[in-house]
Amino acid sequence: YLGWPEGEYIFSKFHFWMNYSFKFIAETTFQQDYHCAASYTDSSDDETSPREKTQVNSKGSSDFCVKNIKQAEFGRREIEIAEQDMSALISLRKRAQGEKPLAGAKVVGCTHITAQTAVLIETLVALGAQCRWTACNIYSTQNEVAAALAESGVSVFAWKGESEDDFWWCIDRCVNVEGWQANMILDDGGDLTHWVYKKYPSVFKKVRGIVEESVTGVHRLYQLSKAGKLCVPAMNVNDSVTKQKFDNLYCCRESILDGLKRTTDVMFGGKQVVVCGYGEVGKGCCSALKALGAIVCVTEIDPICALQACMDGFKVVKLNEVVRQMDMVITCTGNKNVVTREHLDRMKNGCIVCNMGHSNTEIDVASLRTPELTWERVRSQVDHVIWPDGKRVILLAEGRLLNLSCSTVPSFVLSITATTQALALIELYNAPEGRYKQDVYLLPKKMDEYVASLHLPNFDAHLTELSDEQAKYMGLNKNGPFKPNYYRYDRCSKTTHHDFDYVQYTHFYCNVV
């Protein structure tokens, strides 16, 4: 009774409609869940290894290995969603597919297999390439997307939750195939390049070029080059401005929060966080965490990066000085053993430990697999590592890349990187003999600017044009490039590299610009 004459009537009507609504919602939710279960993906209930299955796509091909080819329709919808925010890459596809600048290219790729990289792969196919693909991370593959690629005819070998043995088996299946030999490599992390170099040296010597997008992979290439063992030219996409400044910085600024929230439901306000490394990835992570009220400090080996952190308002510390007080420890260095067993032993109960670098070497996870420690899986990609005294450390993705293992990344930012990768492949594949030596190169500044210009229409941005007088005063071409090759847009990277002379472009690239 609500206190007025009509109260009982109103209350009874309200009660009736609430019961009806709850019943309707419950039935609708059940139906939606049923349909989703039929199409969406993560068939974790199916424990059969994809290597033990015989699957065929609608065209009759079995040259692939994915979790479940029946998820292809759902994966196609995921790819279509990604395409909507990757308009620049789609624009490049439309502009260049008439010329087929990658006709004859046989590209073997090892990247994260997500809806966004699927758009890149299908762009390469549209430009004339034949592609075989595998995953660079055992946890980041979107099974439904891999199925969609397999259904479209791409030979893809990947599924979420591969074992280490599966990982290398998939790479080998991409490379070692009768009647098909790769002449281009697109890599993320260097594992594919390393495998071809070690296991198939004759194939490696005939490759026209390598495109590498990660800090770890680029470091491996420079090591090969320094040792005189790099017998093919390589493009360092990681240090291009369009990768370093956008993917590494802006992507990680958003995806670090997404990955932590999805896995731990953590509240950031007031949390003590240490970020190891203040490169572009570290900058993005620190910026995001600080904005949500976390108390952030930084570890660094580079005095320039350390000074940048100080000027941005972060205290620069040594990890062993602060590890006892930290609520979260995040690695972003690309190095190995940044967080050791000694650090892990000293962490407080409930400390969250994760990695935002490409490789799983930054956290010494192997040291935690000892008899006195207990591992407890709490949810997907979240483990409690329990010490004998009951202390728990929360380890995410077993020390692998957090954002792509535990969440997703913004399609728009990946469009920038993917467009850069596509242009790098086109450049290396079409370059006349002698343009590139057996070394590591950066993309020309003009190409970076072109990639950026393709993405400006998304913001309805209008560039100011130099007058003839202004261009003469600055010593610039009115159409660019607007910065010298050594200008790094306030990056602190000091990697030794070869800058490609921007005057020399392939016929295709000149036509596109």
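This is a predicted model, so every value here is computed, not measured. Along each chain, residue indices are assigned from 1 in the same order as the chain's sequence is written. Where local features are concerned, this predicted model is filtered to residues with pLDDT of at least 70; where side-chain atom pairs are given and counted, the filter is 80 or more; whole-chain, interface and lining totals use all residues. Values shown for side chains rest on all heavy atoms present in the structure; no hydrogens or waters enter the calculation.

A. Molecular detail of the pairing of strand β7 (residues 272-276). In terms of burial, β7 is a largely internal element, four of the five residues being buried. Relative to strand β8 (residues 295-299), β7 runs parallel, the two being bridged by five bridges. By the bridge assignment, Val275 is partnered in β8 with Val298. In this region the chain leaves β7, passes through helix α11 (residues 280-291) and returns to the parallel neighbour β8; the handedness of that crossover is right-handed. Strand direction decides the pairing type here: β7 and strand β10 (residues 328-331), joined by four bridges, are parallel. Along β10, the bridge assignment pairs Cys276 with Thr331. Only protein chains enter the accessibility calculation, which uses a 1.4 Å probe. A residue is then buried if its area is under 20% of the maximum for its type, exposed if over 50%, and partly exposed in between. Put simply, DSSP marks the helices as runs of H or I at least four residues long and the strands as runs of E at least two long, and each gets a number from the N terminus on. Strand pairing follows a simple DSSP-based rule, namely that at least 2 bridges must link the two strands. For the handedness criterion, the strands are oriented away from the viewer, and a crossover whose path from the first strand over the helix to the second runs clockwise is classed as right-handed.

B. Fine view of the sheet that holds β8. Read across the open sheet, the eight strands follow the order β9-β8-β7-β10-β11-β14-β13-β12; overall the sheet is mixed. Sheet topology places β9 (315-316) and β12 (374-379) at the edges, where each strand pairs with a single neighbour. Pairing between strand β11 (residues 352-355) and strand β14 (residues 392-396): two bridges, direction parallel. Residue pairing across strands places Ile352 opposite Ile394, the latter belonging to β14.

C. Local environment of the packing of aromatic side chains. Two rings from Phe, Tyr or Trp (for Trp, the six-membered ring) form a pair when their centres sit within 6.5 Å of each other. Planes less than 30 degrees apart are called stacked, planes more than 60 degrees apart edge-to-face, and all others tilted. One pass over the full model with this rule turns up nine aromatic pairs. With centroids separated by 5.2 Å and ring planes inclined at 90 degrees, the aromatic side chains of Phe412 and Phe459 adopt a geometry described as edge-to-face. Here Phe412, found in helix α16 (residues 411-430), pairs with Phe459, found in the loop between α17 (445-455) and α18 (468-474); they are 47 residues apart in sequence, far enough to count as distant. Of the residues examined, Phe412 reaches a relative accessible area of 16% and is grouped as buried. Chaining the aromatic ring pairs together yields one cluster made of Phe157, Trp159 and Trp169. In our convention, an over-ring charge means Lys NZ or Arg CZ found within 6 Å of a ring centre and within 35 degrees of that ring's normal. The residue whose ring lies beneath Arg369 is Trp375, and the NZ or CZ to ring-centre distance is 4.1 Å. It is Lys391 that lies over the ring of Trp387; its NZ or CZ is 4.1 Å from the centre.

D. Broad picture of the UniProt feature "binding site: NAD(+)" (unreviewed entry) in the protein chain. UniProt positions are given in the numbering used here, feature names are shortened, and annotations may be inferred rather than shown by experiment. Under the feature "binding site: NAD(+)" (unreviewed entry), the UniProt entry names Gly279, Glu280, Val281, Gly282, Lys283, Gly284, Glu300 and Asn403. Here Glu280 shows up in helix α11. Within the secondary structure, Gly282 is located in helix α11. Setting aside chain neighbours within four positions, we find Gly282 in contact with Val275, Gly277 and Cys332. The contact criterion used is simple: two residues touch if any of their non-hydrogen atoms lie within 4.5 Å.

E. Spotlight on the packing of helix α4 (residues 115-126) against helix α5 (residues 143-152). Contact geometry for α4 and α5: axes closest at 9 Å, N-to-C directions at 20 degrees. For the element pair α4 / α5, the angle class is roughly parallel. In this structure, α4 meets α5 at a crossing whose hand is right-handed. Across the interface between the two elements, Ala115, Ala118, Ile121 and Glu122 of α4 pack against Val145, Leu149 and Ser152 of α5. Under the scheme applied, nonpolar residues are Ala, Val, Leu, Ile, Met, Phe, Trp, Tyr, Cys and Pro; charged residues are Asp, Glu, Lys and Arg; polar residues are all the others, including Gly. Of the residues belonging to the contact of α4 with α5, the class tally is five nonpolar, one polar and one charged. Here an axis means a line fitted to C-alpha atoms, over the contact stretch when the element is a helix, while the angle between two N-to-C directions is reported on a 0 to 180 degree scale. Between 65 and 115 degrees an angle is taken as roughly perpendicular, under 35 as roughly parallel, over 145 as roughly antiparallel, and anywhere else as oblique. By convention, the crossing between two helices is left-handed when the near helix turns anticlockwise from the far helix through less than a right angle, and right-handed when the turn is clockwise.

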